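Descriptive structure summary
Listed below, chain by chain, are the residues.
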Amino acid sequence: MTIVEPRRGVALSKRQKELLERRLEVERRDTELTMSQLSADVHTVQVSRQDSPTDDEHDPEGPTLAFEQSQSTALLRQARDRLAQIEVALGRIHDDSYGTCTNCGAAISYARLGARPYTPHCIQCAERLGA
Ligand SMILES: [Zn+2]
């Protein structure tokens, strides 16, 4: 299978936009699901930490639980950021600015949007901005 990279400046077709919108909606649902699972994890770990003795040195479970909690909290933060990006991208589909780089105004290639439908930047800007 060959993916043909559209030329820089080629706008998305209506059909491509519809496909990407559907992808974004699926990603939003998945991210929301991940977030509710992670929130439940963080809560469970909080509860088990309250139940276990606070003396970490004599409690082998203590540091493990603390580690798990910071992992889940970090993942939760990531998921929240992703969800915000997805919401912004969906908003841009509706106001018809989707597919255009927010930094330089160039069209973002369909191949890039296919891989990261929530990205606000073209590949050149993403590399330059390190995002
Ligand atoms: Zn750009």
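Refer to the preceding data block for the structure.
Residue positions are counted from 1 within each chain, in the order its sequence is given. Local features in this predicted model are restricted to residues of pLDDT 70 or higher, and side-chain atom pairs are both shown and tallied only at a pLDDT of 80 or more, whereas totals for entire chains, interfaces and linings draw on every residue.

Secondary structure elements are defined from DSSP: runs of H or I of at least 4 residues count as helices, runs of E of at least 2 residues count as strands, and each element is numbered from the N terminus. When helices and strands are counted, the protein chain shows 4 helices and 0 strands. Buried, partly exposed and exposed are defined by the number of other C-beta atoms within 10 Å of a residue's own C-beta, namely 20 or more, between the two limits, and 12 or fewer respectively, with C-beta atoms placed from the backbone. Of all 131 residues assigned to the protein chain, the portion counted as buried reaches 15%. Restricting the contact set of the protein chain to residue pairs at least 6 apart, pairs at least 24 apart contribute 62%. Contact definition: two residues whose C-beta atoms, as placed from backbone geometry, lie within 7 Å.

With that out of the way, let us pick up the environment of Leu 113. Following the sequence through the fold, Leu 113 ends up in helix H3 (residues 110–115). Through-space distance from the C-alpha of Leu 113 to that of Tyr 98 is 10.0 Å; in sequence the pair is 15 residues apart. Those residues in contact with Leu 113 that sit more than four places away from it in its chain are Leu 20, Gly 99, Ile 108 and Thr 119.

To continue, consider the nonpolar core. By our criterion, buried Ala, Val, Leu, Ile, Met, Phe, Trp, Tyr and Cys residues that link up through C-beta atoms within 7 Å make up a nonpolar core. One finds Leu 12, Leu 20, Leu 24, Ile 86, Ala 89, Tyr 98, Ile 108, Tyr 110, Leu 113, Tyr 118 and Cys 122 forming the largest nonpolar core, which totals 11 residues. At the level of secondary structure, the elements contributing two or more residues to this core comprise helix H1 (14–51), helix H2 (61–94) and H3.

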